[in-house]
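Coordinates in review
One-letter residues, chain by chain:
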Amino acid sequence: MPESRSFSFEFSAPRTVSAQEKLRRTHSRLNELSPHYFSVTYGAGGTTRDGTKQTVLELLRLGTPVVPHISFDGDAINQGKEDAVRDMLTEYQAAGVTRLVALRGDSPSGTGPSSQLTHASDLVEFIRRVSGNHFHIDVAAYPEMHPESSSVDTDLTHFKRKIDAGADSAITQYFYNADAYFRFIDACHKRGIDVPIVPGIMPLTNYKGIVRFSALCGAEIPRWIEKHLITYQHDPEQLKTFGLEVVTSMCQRLLDGGAPGLHFYTLNQALPSLGIWKALGL
Ligand code: FAD
């Protein structure tokens, strides 16, 4: 039976030459798994615009399916932001890109919230206006609610707006509680949102980094998981073994419960995602 679910890996756009080299090695290992695609992030406010583009074009040259993340740079009153996205769309289309992840993105640190006058739904609308149906468009989804939202209901209303604007599918923020995902999917169905919503998976490989990052992006680390991470924080092997078991069993539950694939946040490391992939027998 052909695999209709989507399995993909996300790379962060490299900012240095050595990060670029590391990414090449990671890509070469993960590419052996023949994922559906690799996506490449777009730094807040366009800070990795060139790095993202270069990485996307390099991976395309290697014959890999690549999905660039894209967002408006700067604020809504900056007219230049539309031109920059239009140029990127033209360039990507000419290079053979057929799929994008459209995001509002976050402000570069220090610029404050006032520069965020647009929403991802505006970008989806813009891409459809400029490029018609050329691109398959993914958007972000938040089973545990986007941290800036005032309620689960308003968050869902805004999520639906992105789908109604023309998004084809979604990838979730990472989470460590499969019930949050299943409840979110039920709520989406009740609102008539039927596009595939692929869980985003963050391997658990360290304690401090994941706690800091989760606090910023609004992902909850269940108490029992956090207590284990604290216990193993000075024992990297135990921590990795624990993280692999916990995330693999959550992934298995998600797939058994009908998730349409998995999208791994690799943080440009091959082994953590590779371990989960193999443990799942994908
Ligand atoms: P939106 O969908 O615009 O939502 C942002 C907030 O605004 C939400 O609270 C939403 O409820 C609210 N909102 C939406 N529409 C409206 C409206 N019409 N009126 C009022 N409120 C509204 N960040 C990066 O910088 N680069 C990346 O490459 C990147 N990749 C990501 C990939 C995935 C799969 C995910 C899940 C996140 C990614 N992020 C990335 C993080 C993302 O940019 C942040 O979470 C950001 O804060 C929100 O982006 P969004 O596209 O979800 O925004």
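Up top you'll find the structure we're talking about.
Please read all numbers here as calculations on a predicted model, not as lab measurements. (Residues numbered from 1 in each chain as written. Predicted model: local features only at pLDDT ≥ 70, side-chain atom pairs only at ≥ 80, totals over all residues. Heavy atoms only, no water.)

**A few points about the pairing of strand 5 (residues 136-141)**
In terms of burial, strand 5 is a largely internal element, 5 of the 6 residues being buried. By the bridge criterion, 3 bridges tie strand 4 (residues 99-102) to strand 5 in an arrangement that is parallel. Residue valine 101 lies in a different strand from strand 5, and its bridge partner there is aspartate 138. Across 4 bridges, the pairing between strand 5 and strand 6 (residues 169-174) is parallel. Its bridge partner being in strand 6, alanine 141 is matched across the sheet by threonine 172. (Buried < 20%, exposed > 50% of the residue type's maximum accessible area, 1.4 Å probe, protein only. Helix = DSSP H or I, 4+ residues; strand = E, 2+ residues; numbered from the N terminus. Pairing = 2+ DSSP bridges.)

**Concerning the site of the ligand**
In the neighbourhood of the ligand, 23 residues make up the surrounding shell, with Tyr42, Asp106, Tyr142, Arg161 and Lys162 lying closest. Take histidine 146: an N or O atom from its side chain is 2.8 Å from an oxygen atom of the ligand. Contact between the ligand and lysine 162: an oxygen atom at 2.7 Å from a side-chain N or O atom of the residue. When isolated, the ligand has an accessible area of 970 Å², and the protein chains bury 86% of it. (Near = heavy atom within 4 Å. Polar contact = N/O pair within 3.5 Å; in protein donor to acceptor, adjacent residues only side chain to side chain. Areas by Shrake-Rupley, 256 points an atom, 1.4 Å probe, with all protein chains shown as cover.)

**A closer look at the sheet that holds strand 1 (residues 6-11)**
If you walk around this closed barrel you meet the 8 strands as 1-2-3-4-5-6-7-8, and the pairing is parallel. Looking at each pair of strands side by side, their axes are set apart by 25° on average, direction ignored. Sitting on the sheet, helix 4 (residues 120-131) touches strand 3 (66-70), strand 4 and strand 5, and the angle it makes with strand 4 is about 150°. (Axes fitted to C-alpha atoms, helices over the stretch in contact; angles between N-to-C directions. Contact = heavy atoms within 4.5 Å.)

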